[in-house]
Amino acid sequence: MITSVLPTYNRAPLAFVKGEGSWLFTEDGGRYLDLGSGIAVNALGHAHPELVKTISEQAAKLWHVSNVYRIPEQEALADQLVEHTFADTVFFTNSGTEAAELAIKMARKYWYENGEPERIEILTFEGAFHGRSTGAIAAAGSEKMVKGFGPLMPGFRQLPFGDHEALRAAISDRTAAVLIEPVQGEGGIRTLPDSCLKGLRDLCDETGALLIFDEVQCGMGRTGKLFAHEWAGVTPDIMMVAKGIGGGFPLGAVLATENAASGMVAGTHGSTYGGNPLACAVGGAVMRIVSDPAFLAEVNRKAGLFRQGLEALVAAHPEVFESVRGQGLMLGLKCKAPAADLVKAGMAEHVLTVAASDNVVRLLPALNIPDADIAEALKRLDAAAAALSGHAG
Ligand SMILES: Cc1ncc(COP(=O)(O)O)c(C=O)c1O
């Protein structure tokens, strides 16, 4: 018999009732070190006092009003994002998927309004993940996600990841946009080298194609910069943000230059909930904390500490691990043993990680994870690896 919850997830037999910092608690008092953060969502850990205070105060004042009215909390968060990024304007969504939908629509509308309505093709990359809507699965194009859901939205072409020559051959003055994650998350923590992002920007400039970055997973301080593309010193025309920006409250955004957004006039897009006062109050608090250079410096210091420990872990368990990858606190353990087995072994040691493609285990801790919790995480991952190799041997 089907469960009352549609069974689209293979869920672990764990349920949490409370969170505090980097820790999650089960009803029977079990304590788990959370290195998944709801898949890069709880950027400031669980129950961060400032976020709790912000959401409680806002909840007592006003939860929701329609976007047919001005929303001061939304305007304030948009101002913050514009101040700290390449963007001139922002649309708020409830999720990364909805941000993907708008990014696609915005790019196509741009060319429509610029007298090239046939310019609809969007180039994407193998291993990409942009969400689960029909548009987002067509964009990513992975067989697992699209099978049985056709006909797919036309106009997407997937290219090999990080292959500049393939991109050069595919892009032309008929390309509407190129859509890419600067660091692939679901694809296995695969970082696009800075030189590739720069080359990509140049090709877009040559052809006029719009450049869209999907920073849903790698943005909001995750890599040690507010947004991952800052490492390469290039900016997109459009950017998708979600996950960390709400600190756990559903919130996403599309950021764009004035030029790229020029087709999106009144009546062309909307959302009932997107950017409501509750979400934007929380988003504003997250942005205030994460955009502080001192906070980002700490993310980088912690990332260095964690990475050093992970390199030692990999060296200590060569039969389990191949390498460490990623940037900042968006880290991946490329495994030799099945990644899913390591996630399970971690759970037995009360440390929570997330599997990704390419046989990688993702480590996406809270950006403010205390040093002591990093040390504890390394200890528990070491025990998990030992259990796994003992088992394998
Ligand atoms: C890079 C990227 N884009 C888009 C999405 C979709 O976001 P959401 O699940 O909030 O719709 C995700 C989610 O994992 C993601 O990692």
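Model, not experiment: these values are computed from the prediction. (Residues numbered from 1 in each chain as written. Predicted model: local features only at pLDDT ≥ 70, side-chain atom pairs only at ≥ 80, totals over all residues.)

A. Main features of the overall build of the protein. Helices and strands together make up the secondary structure of the protein, namely 12 helices and 17 strands. Computed over its C-alpha atoms, the radius of gyration of the protein comes to 21 Å, within 12% of the 21 Å expected for a compact globule of 393 residues. Contacts in the protein between residues at least 24 apart in sequence constitute 75% of all its contacts with a sequence separation of at least 6. (Helix = DSSP H or I, 4+ residues; strand = E, 2+ residues; numbered from the N terminus. Rg over C-alpha atoms; globule rule 2.2 N^0.38 Å. Contact = placed C-beta atoms within 7 Å.)

B. Structural view of the site of the ligand. Surveying the vicinity of the ligand reveals 15 residues, the closest of which are Ser95, Gly96, Thr97, Gly131 and Val216. Looking at the shell around the ligand element by element, the count peaks at three residues for helix α4 (residues 96-113). Residues of the shell around the ligand, tallied by class, amount to five nonpolar, seven polar and three charged. (Near = placed C-beta within 6 Å. Nonpolar A, V, L, I, M, F, W, Y, C, P; charged D, E, K, R; others polar.)

C. A look at the sheet that holds strand β15 (residues 351-352). Sheet architecture is open: four strands sit in the order β1-β2-β3-β15, paired in mixed fashion. The outermost strands of the open sheet, each flanked by one partner alone, are β1 (16-20) and β15. (Pairing = 2+ DSSP bridges.)

D. Helix α11 (residues 339-348), seen in detail. Restricting attention to buried positions, one finds in α11 the residues Ala339, Leu342, Val343, Ala345 and Gly346. All buried residues of α11 fall inside an arc of 165° around its axis, so they share one side. Downstream of α11 by one or two residues, His350 has phi in the positive range, about 60°. (Buried ≥ 20, exposed ≤ 12 C-beta atoms within 10 Å, placed from the backbone. Arc of directions from axis to C-beta.)

E. Representation of the UniProt feature "modified residue: N6-(pyridoxal phosphate)lysine" (unreviewed entry) in the protein. As recorded in UniProt, the feature "modified residue: N6-(pyridoxal phosphate)lysine" (unreviewed entry) lies at Lys243. With respect to the helices and strands, the residue Lys243 is situated in the loop between β11 (238-241) and β12 (252-256). On the basis of neighbour count, Lys243 is assigned to the buried category, with 28 C-beta atoms found within 10 Å. Each residue touching Lys243, except ones within four places of it in the same chain, is listed here: Ala40, Val41, Gly96, Val216 and Gln217. (UniProt positions renumbered as here; feature names shortened; annotations may be inferred.)

F. Structural view of the UniProt feature "binding site: pyridoxal 5'-phosphate" (unreviewed entry) in the protein. The positions UniProt marks with the feature "binding site: pyridoxal 5'-phosphate" (unreviewed entry) are Gly96, Thr97, Phe129, Asp214, Glu215, Val216, Gln217 and Thr272. A maximum C-alpha distance of 24.9 Å among these annotated residues, which run over 177 residues, shows that they spread across the structure rather than meeting at one spot. By the secondary structure assignment, Phe129 is in the loop between β5 (121-125) and α5 (134-140). If near-sequence neighbours (up to four positions away) are discounted, Phe129 is found in contact with Ala140, Gly185, Glu186 and Gly187. Secondary-structure assignment places Thr272 in the loop between β12 and α9 (277-290). Judged by the 9 C-beta atoms lying within 10 Å of it, Thr272 falls in the exposed class.

G. Representation of the domain arrangement of the protein. Segmentation of the protein into domains returns domain 1 (16-34 + 293-392) and domain 2 (50-290). Once you take the C-alpha centre of each, domain 1 and domain 2 turn out to be 28 Å apart. Elements that contribute at least two residues to the side of domain 1 that touches domain 2 include exactly α10 (293-316), β13 (321-327), β14 (330-335) and β17 (360-363). Examining the composition of the side of domain 1 that touches domain 2, we find that five residues originate from one element, α10, more than from any other. (Domains from an automatic or database assignment.)

H. The nonpolar core, seen in detail. Ala103, Ala107, Val178, Leu210 and Val254 are the most contacted members of the largest nonpolar core, which has 121 residues in total. Counting residues domain by domain, this core receives three or more from each of domain 1 (16-34 + 293-392) and domain 2 (50-290). Discounting residues that sit within four places of it in the chain, Leu210 has contacts with Ala107, Tyr110, Ala176, Ala177, Cys204, Asp237, Ile238 and Ala260. (Core = buried A, V, L, I, M, F, W, Y, C linked by C-beta atoms within 7 Å.)

I. Broad picture of the environment of Phe249. Mapped onto the elements of the fold, Phe249 is located in the loop between β11 and β12. Note: C-alpha distance between Phe249 and Ala279 (30 residues apart in sequence) is 6.4 Å.

J. Highlighting the packing of helix α2 (residues 49-61) against α9. Two numbers describe how α2 lies on α9: the axes approach to 9 Å, and their chain directions differ by 155°. As the angle between them shows, α2 and α9 are arranged roughly antiparallel. By crossing handedness, the relation of α2 to α9 is classed as right-handed. Between α2 and α9, the residues in contact are Glu50, Leu51, Thr54, Ile55, Gln58 and Ala59 and Pro277, Leu278, Ala281, Val282, Ala285, Val286 and Ile289, respectively. (Axes fitted to C-alpha atoms, helices over the stretch in contact; angles between N-to-C directions. Parallel < 35°, antiparallel > 145°, perpendicular 65-115°, else oblique. Left-handed = near helix turned anticlockwise from the far one by under 90°.)

K. The packing of helix α3 (residues 72-84) against α9, seen in detail. With their axes 8 Å apart at the nearest point, α3 and α9 run at an angle of 30° to one another. As summarised for this structure, α3 and α9 are arranged roughly parallel, according to the angle between their axes. Pair α3 / α9 crosses with left-handed handedness. On α9, the residues touching Glu73, Gln74, Ala76, Leu77, Gln80 and Leu81 of α3 are Pro277, Cys280, Ala281, Gly283, Gly284 and Met287. A breakdown of the residues in the contact of α3 with α9 according to their chemical character gives seven nonpolar, four polar and one charged.

L. Looking closely at α3. Spanning 13 residues, α3 covers 19 Å between terminal C-alpha atoms, matching the ideal 18 Å at 1.5 Å per step. Of all the residues in α3, the buried ones are Glu73, Gln74, Leu77, Ala78 and Leu81. Looking straight down α3, one finds that the buried residues subtend no more than 135° of arc, so they occupy a single side. Opposite its buried face, α3 presents the exposed residues Pro72 and Glu83, each directed more than 90 degrees away. Elements in contact with the buried residues of α3: β4 (89-93), β12 and α9. (Expected span 1.5 Å × (residues − 1).)

M. Main features of unusual backbone geometry. Going from Gly150 to Pro151, the amide bond is cis rather than trans, its omega being 0°. For Ile189, which is not glycine, the phi torsion reads 50° and is therefore positive. Here Ile189 shows up in the loop between β8 (183-184) and β9 (190-191). A positive phi angle, near 65°, is found at Asp358, a position not held by glycine. Tracing the sequence through the fold places Asp358 in the loop between β16 (354-356) and β17. On the neighbour-count criterion, Asp358 (16 C-beta atoms within 10 Å) is partly exposed.

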